[in-house]
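Analysis of the macromolecular model
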Amino acid sequence: MLLKLIDIHKAYPSVQSDNIRHVLNGVSLDIESGESIAILGPSGSGKSTLLNIIGTLDKSDSGEIIFDGNKLENYSEKQLSRFRNQHVGFVFQSHHLLPQCSVIENVLVPTLPLKDPKLKKDCHSRALELIGAVGLVEQKDNLPGTLSGGECQRVAVIRALINKPKLLLADEPTGSLDRQNALTIISLLKQLNTEYNTSLILVTHSHEIGSGMEKKYELKDGQLIQI
Ligand code: ADP
């Protein structure tokens, strides 16, 4: 078992009234190493909230997250930051590439904290391998501004994988792409998930996009239901 969520709750104050809104109301989930899952649900159902809690970018009000046998609520902020850098890759709807850096420099950004020259060299070789895997060798020294939206998102995907994370979290990664580019990104995510045994959690409102994953869940009334 790579990741276990137990009875996660999260509420926000409601904008319309004095009430609070229970966005996550007892979410539990188990994910094995190398497994791919889709979390579906309409806009506002709490998908990003859940993904941000899993990635420790946000905290739940109650419940437990166990990653590789470790309870994440026992971690200090420093340990959480190391956990995110080493074990979790993030891909969002926007690629968030640095415009002044080339493709390969963008892919290497998550490795900047590394000090060991041998590790740095290994990362450089891995960056080239990943750039090859997504068909962007000829553009490796180009700036993001010269690439298409789909190509930029391919770079964002491999940047998320450069540190060999055990878990890849993708929040509407195809939301700003046309259908063809969206399907390309999904098949790429699936291919990299299988090749590198990285568990994948994909959040999407689209059943078509979600259908490529091994398991599908729907977030409904704050609860996760397998569909
Ligand atoms: P989804 O990703 O499914 O579109 P979100 O997780 O972004 O849904 O949001 C779920 C609900 O929680 C929405 O009603 C949203 O307005 C509310 N929400 C999300 N983040 C906050 C916040 N920081 N403060 C208050 N309400 C929030």
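Residues numbered from 1 in each chain as written. Predicted model: local features only at pLDDT ≥ 70, side-chain atom pairs only at ≥ 80, totals over all residues. Heavy atoms only, no water.

A look at the overall build of the chain
Broken down by element type, the chain carries seven helices and 10 strands. Here the C-alpha atoms of the chain give a radius of gyration of 18 Å, agreeing with the 17 Å that 2.2 N^0.38 yields for 227 residues. Each principal axis of the C-alpha atoms in the chain carries an extent, and together these give about 55 × 40 × 35 Å. Here the chain holds 227 residues, and the buried ones make up 47% of them. Summed over its atoms, the accessible surface of the chain is roughly 11200 Å², and 51% of this surface lies on carbon and sulfur atoms. Seen as two clouds, the 24 positive and the 26 negative side-chain charges of the chain have centres 5 Å apart. (Helix = DSSP H or I, 4+ residues; strand = E, 2+ residues; numbered from the N terminus. Rg over C-alpha atoms; globule rule 2.2 N^0.38 Å. Buried < 20%, exposed > 50% of the residue type's maximum accessible area, 1.4 Å probe, protein only. Areas by Shrake-Rupley, 256 points an atom, 1.4 Å probe, with all protein chains shown as cover. Lys, Arg positive; Asp, Glu negative; His and termini not counted. Charge placed at Lys NZ, Arg CZ, Asp CG, Glu CD.)

Quick word on the packing of aromatic side chains
The geometry of an aromatic ring pair is captured by the separation of the ring centres together with the interplanar angle, meaning the angle of the planes. For the structure on display, the rule yields three aromatic pairs. Between F90 and F92 the ring centres are 6.0 Å apart and the planes differ by 0°, which places this aromatic pair in the stacked class. An aromatic cluster of three or more residues is present, and its members are F67, Y75 and F83. Directly above the ring of Y196 sits R126, whose terminal nitrogen or CZ lies 4.9 Å from the centroid. (Phe/Tyr/Trp six-rings, centres within 6.5 Å; stacked < 30°, edge-to-face > 60°. Lys NZ or Arg CZ within 6 Å of the ring centre and 35° of its normal.)

A short note on the environment of L183
Relative to the assigned elements, L183 resides in helix α6 (residues 179-196). Excluding its chain neighbours within four sequence positions, the residues that come into contact with L183 are E208 and I209. (Contact = heavy atoms within 4.5 Å.)

Details of the pairing of strand β4 (residues 62-67)
Pairing geometry for strand β1 (residues 3-13) and β4, over five bridges, is antiparallel. Paired with L5 across the two strands is I65, which belongs to β4. In this structure, β4 lies alongside strand β5 (residues 70-71), joined through two bridges in antiparallel fashion. Pairing of F67 across the sheet is with N70, part of β5. Here β4 folds back onto β5, and the loop between the two strands holds two residues, one of which, D68, carries a positive phi near 50°. (Pairing = 2+ DSSP bridges.)

Examining the sheet that holds strand β6 (residues 88-91)
The strand order across the open sheet formed by six strands is β6-β7-β8-β3-β9-β10, and the pairing between neighbours is mixed. Across the chains shown, the open sheet's two edge strands, defined by having one partner strand only, are β6 and β10 (223-226). The mean angle between the axes of side-by-side strands here comes to 20°, regardless of whether they run parallel or antiparallel. Where strand β9 (residues 215-220) lies against β10, four bridges are found, and the strand directions are antiparallel. Pairing of L219 across the sheet is with L224, part of β10. Contacts from helix α5 (residues 149-161) reach β6 and β7 (167-171) within the one sheet, and its direction differs from that of β6 by about 165°. Its contacts with the sheet put α6 on β3 (36-40), β7 and β8 (199-204), and the angle it makes with β8 is roughly 160°. (Axes fitted to C-alpha atoms, helices over the stretch in contact; angles between N-to-C directions.)

Side note on unusual backbone geometry
Even without a glycine there, the phi angle at T56 is positive, about 60°. You can see T56 is positioned in the loop between α1 (47-54) and β4. Positive phi outside glycine occurs at E172, with the angle close to 45°. With respect to the helices and strands, the residue E172 is situated in the loop between β7 and α6. Looking at E172, the relative accessible area reads 13%, which means it is buried.

Details of the packing of helix α4 (residues 117-133) against α6
Here α4 crosses α6 at 135°, and the two axes come no closer than 12 Å. Classed by the angle they form, the pair α4 and α6 counts as oblique. Here α4 runs over α6; the crossing is right-handed. Residues R126, E129, L130 and A133 of α4 form the contact with α6, whose own contacting residues are L188, Q191, L192 and Y196. For the contact of α4 with α6, the residue count by class is five nonpolar, one polar and two charged. (Parallel < 35°, antiparallel > 145°, perpendicular 65-115°, else oblique. Left-handed = near helix turned anticlockwise from the far one by under 90°. Nonpolar A, V, L, I, M, F, W, Y, C, P; charged D, E, K, R; others polar.)

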